Structures are given as C-alpha cells and as structure tokens.
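Architecture at a glance
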There are 2 protein chains.
Amino acid sequence: MVQINDNFTKLSDSYLFTEIARRLKAYTASNPDAPIIRMGIGDVTLPLPDACIKAMHKAVDEMSQKDTFRGYGPEQGYEFLQDKIRQFDFKSHGVDINNDEIFISDGAKSDTGNITDILGNNVIAVTDPVYPVYVDTNVMSGRNIVRMPTTKSNDFVPELPKEKVDVIYLCYPNNPTGTTLTKEQLKVFVDYAIRNKSLILFDAAYEAFITESNVPHSIYEIDGAKQVAIEFRSYSKTAGFTGTRCSYTVVPKECRYRRQCTKFNGTPYIIQRAAEATYSEEGQLQVRQLIDYYLLNAKIIRESLSAKGFEVFGGINSPYIWLKTPDGDSWAFFDYLLKEKNIVSTPGAGFGASGEGYLRLTAFNTKEKTIEAMDRI
Amino acid sequence: MVQINDNFTKLSDSYLFTEIARRLKAYTASNPDAPIIRMGIGDVTLPLPDACIKAMHKAVDEMSQKDTFRGYGPEQGYEFLQDKIRQFDFKSHGVDINNDEIFISDGAKSDTGNITDILGNNVIAVTDPVYPVYVDTNVMSGRNIVRMPTTKSNDFVPELPKEKVDVIYLCYPNNPTGTTLTKEQLKVFVDYAIRNKSLILFDAAYEAFITESNVPHSIYEIDGAKQVAIEFRSYSKTAGFTGTRCSYTVVPKECRYRRQCTKFNGTPYIIQRAAEATYSEEGQLQVRQLIDYYLLNAKIIRESLSAKGFEVFGGINSPYIWLKTPDGDSWAFFDYLLKEKNIVSTPGAGFGASGEGYLRLTAFNTKEKTIEAMDRI
C-alpha cells in the first residue's frame, strides 16, 4: 500500500494568501461595487519592457524555422544569458562568478523549494516574519525550524540563533519587511556559517530595488561568502516576469554542495531570450524605469503614512512597506483596511509570530491607485 | 554543520547520455569530418506548428500592453488550456476529467520527478529497460526499486512483481522499447493497484504516436484507474515543445493522494497559449503532420532494418525503434554504428540490465537523414 510522506499533513491548512482571498471574496460578495485597491499580493502591474517583447517576437520566429528552431537546451540555461548575468549582475559589483556556477530556472519559488531536496536532516533557521515558502518546503521534509525574530526592537536585524543551525535562509532586501542589512550586518551571518560549516540560502529577489550604497547587492560581496552561500535571483519583480517566469541560482564552485545541485528545470528558450534582453542598453533603461515607478509608489506610501502618524519601515530599497498597526492586531487592521477603506493588504501575523502587530503593503499597484489608497487612509 | 541528503551519493556518476556524448566527442575529435547522423537522444527537429507561432506572437503582444498584461497566473494553469485538454485529450476518448484535476507544468521530467516528494518510504516498481529519471529520482529519496523485465521473451509485456510494491511506473507507448500494452494488458496493472492500494504513475508522453485501435490513449480508459493512477502528458514530442516546455499531470479526485499534489510550477502564459493553439483546427492538423512525419521515419527504420534481417520492435505506435543487436552486446553495437556507420544511437543496456542486447533508434531526425542512415547499415 502506498505510503504518503506524512510531513505533508503538518502543513497548515490555511495558506496566508488563501485566507486573504477568502476574506476578500466574502466582503466583495456583499459589497460588489466596493472600489477595491489591491496592495496585498506582490504581483506587478506594468507590462513587460519593450526590449523583452522584441526579443520574444524574434525568438518565436526562430522557433518557426527549421534552421533556427531550438529543441532541448542546456539544462543549466543558455550561455547567452549566463554571460549577461555574470557581467551585469555580479562583475559590475566587483564579484567574479563563472557561467557554470549559474543555473537558470523558472522562478525563485521553485528554486528555493527544490534546493531542499539536497539537504539532509538539518536544523533550519529563518527570520520571523518570513516568506512562507521557506518554512513550508522544510516542514514537508520534516526538518526542525528555528526562528530569528526581526522586529522594531532589534531594528529589523536578526540575531544569530542561540542553538547551532545548519542552514540559514536570508532574504534581503527583505520580504515582507522591506528592510535591508548592511555589509557589516550580513558579514556576521557569513562568519557564523564559515565557523559552523553552515549553508546560507540567500534570496536576492528584490535586489533591483536597492537605492542605498551600503546595501550589498549580492551576498558574494562579503568575504568568504562563496564558500557557504547559494544565492537566488529572479526577473519577476525586476522586469515584471511574474507571469513570464525566469530566475536563476548561483552555486559557487567553492561551495562544497555544488555537485548535488542538478535538479533544476530547463527554462523555455523564448523566455531566456526575454531575460537576456533586460541587459541590453534599451532593456536596462526600461527595467530602470519599471523599478523607479514602483519605488516612487513605495515613497508615496511611506511618506503619506508617516505624515499621518503611522510608523513605517522598508520601502527605500524595496517595493514593500512594513507598517506598525495602531492596535497591534494584524488581522483586525487588515479587516479594517478592507472593509472601511477597501484596501487589500497582507497581515504581518501571516508571516510568523513576530509579524503580529505589523502589516505589509506593496508598491506594485499603479501610481494613480496608490495615491488614491493613501488619500483614503 | 549542514548535512547533505546522502542518497545523492548513490546516483551513478555516468548518466547514460553523458557517456554517449563522451564517446561521440572522442570519435569526432579524431574524425572531424565524419558525416554523423544523430538517432540517439529523443529530441525533435521540425519547427513549431504555425498555429503555436501565431498564438505566441499574440500572447507576447498582450504582455506588452497594460490592459492585457498577465502577472502571476493560476498555479495549476490557465482554464483556457485545461478546457482544451479535457475536451480533446480525454473526452474524445470517452474519459471524463475535470479542469481542477489537470495541473499544467513545464515538462514531464519535472513532473515525474517532483511527484516523488509526496511519497513516503515505498517500494517502487519500474520496467527494465526504463527511462532513467524514474529510477534516479527515487534513488535520491532512498527508496527500494523492484524491476520488471520487459524483453522479447515476454513479448515486452511486464509481469506483475512477485513482491508487493506500492508504486508502479508505467510508460506507454514505451520509452525506450517503443512497444505498447493493450487495454487488457494494462488492466492487469490497474486491478493489481486497486487490490493492493498501490499507486500507478502513468507516463503517456508518446500518446500522440498511437496508430492502432486497441492501444489505450489514457490509463483512465481502464475501469477503476481513476482511483489509483496519476497520468503525465507532454507537448514535447506531440508538438515539438522540447525547447518550449509544457506538460501536464492529471490527478483524479478519486485518487486519494490528490490533496498533496501542490508542488507544481507555474508555466509561462505565453507558453500556455502556444499549447492551447495545438488544439485549434489549424493546430490539430499541423500537429498531425508533425507526428506523421516522425511516424513515417519510424516506418522507414523498421522496414529497412527488418529487410536487412534485424529483429526490430516498436516504431508503430511510437517514435522509438528497439533493435535486437546481432551479437548481444549493446555498447559494442553502439560503438560499431558510431565508428563504422557514423550513426549515433542509444545502447539498450543504458536503460537497465534487461536492455542489454538491444539498441534504441529514434525517428526524430529528418526524413533525408533517416533514409541515409538506413542506406549506410
């Protein structure tokens, strides 16, 4: 008789965004004309950069002709894209990464999830609040999870865990808090990992939003990080690829876990050409415009809420604003914003116990709706 | 200190296609002008159907406009594609499948691999010879594997395993042998699974190549299969999507493992539109032309080798021809074909012990090269 991995039964039934959708549906059912503004889920709203559109039309045409048709591509991704990544995303920040250390895939969610396949029975550390996928994928594998509270009381800088941990997830700029670590603060974790032979899984999905100079763009800017860290990047928020799907993972040669990292999916040729186009002169400019548009929204949210007496964090190097809720109850404030202001947000408690008393707003809506939402509050 | 899943170390170092590539490279290094014809790896050579090209251009244009741009799509896939799958791939064969039982993904390799996440410590049965991915993904998870020999001596119909098994992989039309099971033969496995509460993972990636009427297109044509079987389909060989990446998995409601099956990736909107286009009137015709082209190649190989006194199997409902090697040594005959005839094939021994003495040829090359290869032998 087939046995099911019983760790699956430990997954909490109500996934955060499912519960939000449920409450939204219940509200709009009785209030069908409510002018809802969505600032909850982290999905983008602007269309793809024109450079990507052109690149995809060209790639589609190539797929229509026998001489230029592409079948199975290299599993790690095409070299044309690895070349650009190496040069633009790392070399430009003083980091040397080789093409064969870059694994192109279809989304940071899959990558951070699939990487857990290579792990044994390790103790995992995550920040609290945290992106739920890190926790769920390890719960599925039955691993113990240690939480590092990240709140106003420690200036959103997690402390090293007291117990020894084997694997540490770090996401900076952070989802959900929108806060960052400086190079010095990140170095504390790299040094810990070297000392304890731990592995750092560094999610840099929001790297493109960094505006301040002492915020590292890659963990490999920290000495020694190549020995202990795997880094994840995504085009989802950088170039609006949430529905187009492209990401990559860097596994440096120095990192001794490298040989096991082969369970990555191939990514469509057409999509890899679109990702490549984000690095052309035209593409770089257009991506910058996208990011600046969302960063302006973040600034509008941050300044508007501050002026109204709210305590806000993030939103400077990030599309996320982390707001202290007036009465300390995340879900109550979520309901208030939904029902009284018709604004959909994400309650901080959904990201972990230390997220209670906070709320996440995203800067991914249009400028017009962002301004309207701020006027309503 | 981080522990690595030590089952990874049990994976055999020399993956079949890596070894083939190594031998090919060594040969062409000393014989750079050899007119090599590739009939080894199962990659397609014809361009995408025009209906898919048109659908992708349209979808790319949609991604360029704010009003038609698509961000995150439904994780299980878009309903426009599920609708077509339900109607064309199942209803037309008398099988009722609901949209919410269809999970769209990026390739049967990922799907058959990822499904092992949901399994506990089961005993797995595979045919021998077998597609190596089924074995490797279970070795990674430390599961015991029972092999069901499938050779000329049992007419390529595997016998039920003597020991009790929990999960059975079946791929029909088969890779690598190109042979099929009739409904009656497949029913034996479905009945076994019902009796023993086992799970069947049915890989129907080559379904489009079926030409004979008593060969089931879906395992769900067998009574009771919905309780015990998950079915995998792919557009790779059907519509030339090896570099475009789209597939789907069917997990019927009756199959009690359903709730765990949520670790699927989103697939790009543009690619799902391309897959949808294979079901339009134009698309159906073009896909049929693709399949017929490869099936004609298969016929040429089969008839030509038969006429020359070789014993051949498959190639009627499949793009694969399974050839009995004259002296019983797969790798020796592989080397002979490579060095004396400049033809790349796949030695049967690479698919399992029972594949020794056989060799796989694929029908995915051009008609001209297929004829030339046959002239050389």
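Our subject is the structure listed above.
About the criteria used
- Residues numbered from 1 in each chain as written.
- Chains lettered and ligands numbered in written order.
- Predicted model: local features only at pLDDT ≥ 70, side-chain atom pairs only at ≥ 80, totals over all residues.
- Heavy atoms only, no water.
- Helix = DSSP H or I, 4+ residues; strand = E, 2+ residues; numbered from the N terminus.
- Buried < 20%, exposed > 50% of the residue type's maximum accessible area, 1.4 Å probe, protein only.
- Contact = heavy atoms within 4.5 Å.
- Areas by Shrake-Rupley, 256 points an atom, 1.4 Å probe, with all protein chains shown as cover.
- Lys, Arg positive; Asp, Glu negative; His and termini not counted.
- Charge placed at Lys NZ, Arg CZ, Asp CG, Glu CD.
- Buried area = accessible area lost by both parts, 1.4 Å probe.
- Polar contact = N/O pair within 3.5 Å; in protein donor to acceptor, adjacent residues only side chain to side chain.
- Nonpolar A, V, L, I, M, F, W, Y, C, P; charged D, E, K, R; others polar.
- Axes fitted to C-alpha atoms, helices over the stretch in contact; angles between N-to-C directions.
- Left-handed = near helix turned anticlockwise from the far one by under 90°.
- Expected span 1.5 Å × (residues − 1).
- Salt bridge = Lys/Arg side-chain N within 4 Å of Asp/Glu carboxyl O.
- Core = buried A, V, L, I, M, F, W, Y, C linked by side-chain atoms within 4.5 Å.
- Least-squares fit on C-alpha atoms with pLDDT ≥ 70 in both.
- Phe/Tyr/Trp six-rings, centres within 6.5 Å; stacked < 30°, edge-to-face > 60°.
- Lys NZ or Arg CZ within 6 Å of the ring centre and 35° of its normal.
- Pairing = 2+ DSSP bridges.
- Disulfide = S-S within 2.5 Å.

**A few points about the overall build of chain A**
- If you tally the helices and strands in chain A, you get eleven helices and 13 strands.
- Counting only C-alpha atoms and orienting by the principal axes, one finds that chain A spans roughly 60 × 55 × 50 Å.
- Counting only residues that meet the buried cut, chain A has 63% of its 377 residues in that class.
- Contacts in chain A between residues at least 24 apart in sequence constitute 72% of all its contacts with a sequence separation of at least 6.
- Accessible area for chain A stands at about 14,200 Å²; split by element, carbon and sulfur atoms hold 50% of it.
- For chain A, the centre of its 43 positive side-chain charges and the centre of its 48 negative side-chain charges are spaced 2 Å apart.

**Things to note about the interface of chain B and chain A**
- At the junction of the two partners, chain B supplies 65 residues and chain A supplies 65 residues.
- In this assembly, chain B packs against chain A so that about 5,500 Å² is buried in total across both faces, 61% of it on carbon and sulfur atoms.
- For the pair chain B and chain A, the interface holds 13 residue pairs in polar contact (both at pLDDT 80 or more).
- Breaking the side of chain B that touches chain A down by element, the ones donating at least two residues are helix 2 (50-63), helix 4 (108-114) and helix 8 (269-277) of chain B.
- Examining the composition of the side of chain B that touches chain A, we find that six residues originate from one element, helix 2 of chain B, more than from any other.
- Of the residues contributing to the side of chain B that touches chain A, the split by class is 25 nonpolar, 26 polar and 14 charged.

**Remarks on the packing of helix 1 (residues 16-30) of chain A against helix 10 (residues 330-341) of chain A**
Residues and elements named next belong to chain A.
- Viewed as axis vectors pointing N to C, helix 1 and helix 10 meet at an angle of 40°, and their least axial separation amounts to 11 Å. As for how helix 1 packs across helix 10, the hand of that crossing is right-handed. Here Leu16, Glu19, Ile20, Arg23, Leu24 and Tyr27 of helix 1 lie close against helix 10, whose contacting residues are Trp331, Phe334, Asp335, Leu338 and Lys339.
- Here the contact of helix 1 with helix 10 is built from residues that sort into seven nonpolar, no polar and four charged.

**Here's the deal with helix 9 (residues 281-307) of chain A**
All names here are of chain A.
- The first and last C-alpha atoms of helix 9 sit 38 Å apart over 27 residues, in line with the 39 Å expected at 1.5 Å per residue.
- Inspection of helix 9 places Gly283, Gln286, Val287, Leu290, Ile291, Tyr294, Leu295, Asn297, Ala298, Ile301, Ser304 and Leu305 among the buried residues, and these make up the whole buried set.
- Contact partners of the buried residues in helix 9: helix 2 (50-63), helix 8 (269-277), strand 9 (312-314), strand 10 (320-324), strand 13 (358-362) and helix 11 (367-376).

**Side note on the pattern of salt bridges**
All names here are of chain A.
- According to the stated counting rule, one finds 40 salt bridges over all chains in the structure shown.
- A salt bridge links Asp292 to Arg288; its shortest N-O distance comes to 3.2 Å. In this pair, Asp292 and Arg288 both sit in helix 9, four residues apart, roughly one turn of the helix.
- Its relative accessible area of 36% is what places Arg288 among the partly exposed residues.
- Overlapping salt bridges bring together Glu19, Arg22, Arg23 and Asp335 as one network.

**Overview of the nonpolar core**
- Counting residues in hydrophobic clusters, the biggest one holds 174 residues, and the most contacted among them are A:Ile200 and B:Ile200.
- Not counting the four nearest positions on each side in its chain, A:Ile200 is found in contact with A:Ile168, A:Leu170, A:Phe189, A:Val190, A:Ala193, A:Ile219, A:Val228, A:Ala229 and A:Ile230.
- Membership of the second largest hydrophobic core comes to 34 residues, among which are B:Ile36, B:Ala298, B:Trp331 and B:Tyr358.

**Considerations on the relation of the copies chain B and chain A**
- The operation relating chain B to chain A is a screw motion whose rotation component is 180°, with 0.0 Å of axial translation and a residual RMSD of 0.0 Å. The operation mapping one copy onto its partner corresponds to a two-fold rotation axis. Considering only C-alpha atoms, the residue of chain B closest to the rotation axis is B:His57, which sits at 3.0 Å.
- Comparing contact sets, 100% of the residues at the interface of chain B also lie at the interface in chain A, consistent with an isologous, same-surface contact.

**A closer look at the packing of aromatic side chains**
Residue and element names in this part refer to chain A.
- For the coordinates displayed, the defined rule picks out 48 aromatic pairs over all chains.
- Consider the rings of Tyr293 and Tyr294, whose centres lie 5.8 Å apart with planes at 85°: the pair is edge-to-face.
- The rings of Phe88, Phe90, Tyr220, Tyr235, Phe241, Tyr248 and Tyr279 are connected pair by pair, giving a single aromatic cluster.
- Sitting over the ring of Tyr320, Arg360 keeps its end group 4.2 Å from the ring centre.

**Some words on the sheet that holds strand 12 (residues 346-347) of chain A**
- If you walk across this open sheet you meet the four strands as 9-10-13-12 (chain A), and the pairing is antiparallel. Only two strands of the sheet have a single neighbouring strand rather than two, namely strand 9 and strand 12 of chain A.

**Side note on unusual backbone geometry**
- At the junction of A:Asn175 and A:Pro176, the peptide bond is cis and its omega measures out at 15° in the coordinates.
- Cis geometry marks the peptide bond from B:Tyr172 to B:Pro173, where omega comes out at -5°.
- Looking at the element boundaries, B:Pro173 is found in the loop between strand 5 (167-171) and helix 6 (183-196).
- A positive phi angle, near 50°, is found at A:Lys197, a position not held by glycine.

**What about the sheet that holds strand 10 (residues 320-324) of chain B?**
Residue and element names in this part refer to chain B.
- Judged by pairing direction, the sheet is antiparallel, and its four strands sit side by side in the order 9-10-13-12 without closing on themselves. The sheet is open, and its two borders are formed by strand 9 (312-314) and strand 12 (346-347), each paired with just one other strand.
- Bridge count between strand 12 and strand 13 (residues 358-362): two bridges; the pairing is antiparallel. Looking across to strand 13, one finds that Thr346 is bridged to Arg360.
- The sheet contacts of helix 10 (residues 330-341) involve strand 10, strand 12 and strand 13, and relative to strand 13 the element is tilted by about 45°.

**Overview of the state of the cysteines**
- Inspection of every chain in the model, using the stated rule, returns zero disulfides over all chains.
- Counting only cysteine sulfurs, B:Cys246 is the nearest neighbor of B:Cys171, a cysteine outside any disulfide, at a range of 18 Å.

**Focus: the side chain of B:Arg376**
All names here are of chain B.
- Along the chain, Arg376 falls in helix 11 (residues 367-376).
- On the basis of relative accessible area, Arg376 is assigned to the buried category, the value being 19%.
- Of note is the side chain of Arg376, whose polar atom sits 2.8 Å from the backbone oxygen of Lys341.
- For Arg376, the side chain forms a polar contact with the side chain of Glu372, separated by 2.7 Å.
- If we skip the residues at most four places from it in the chain, Arg376 touches Pro35, Ile37, Lys341, Asn342 and Ile343.

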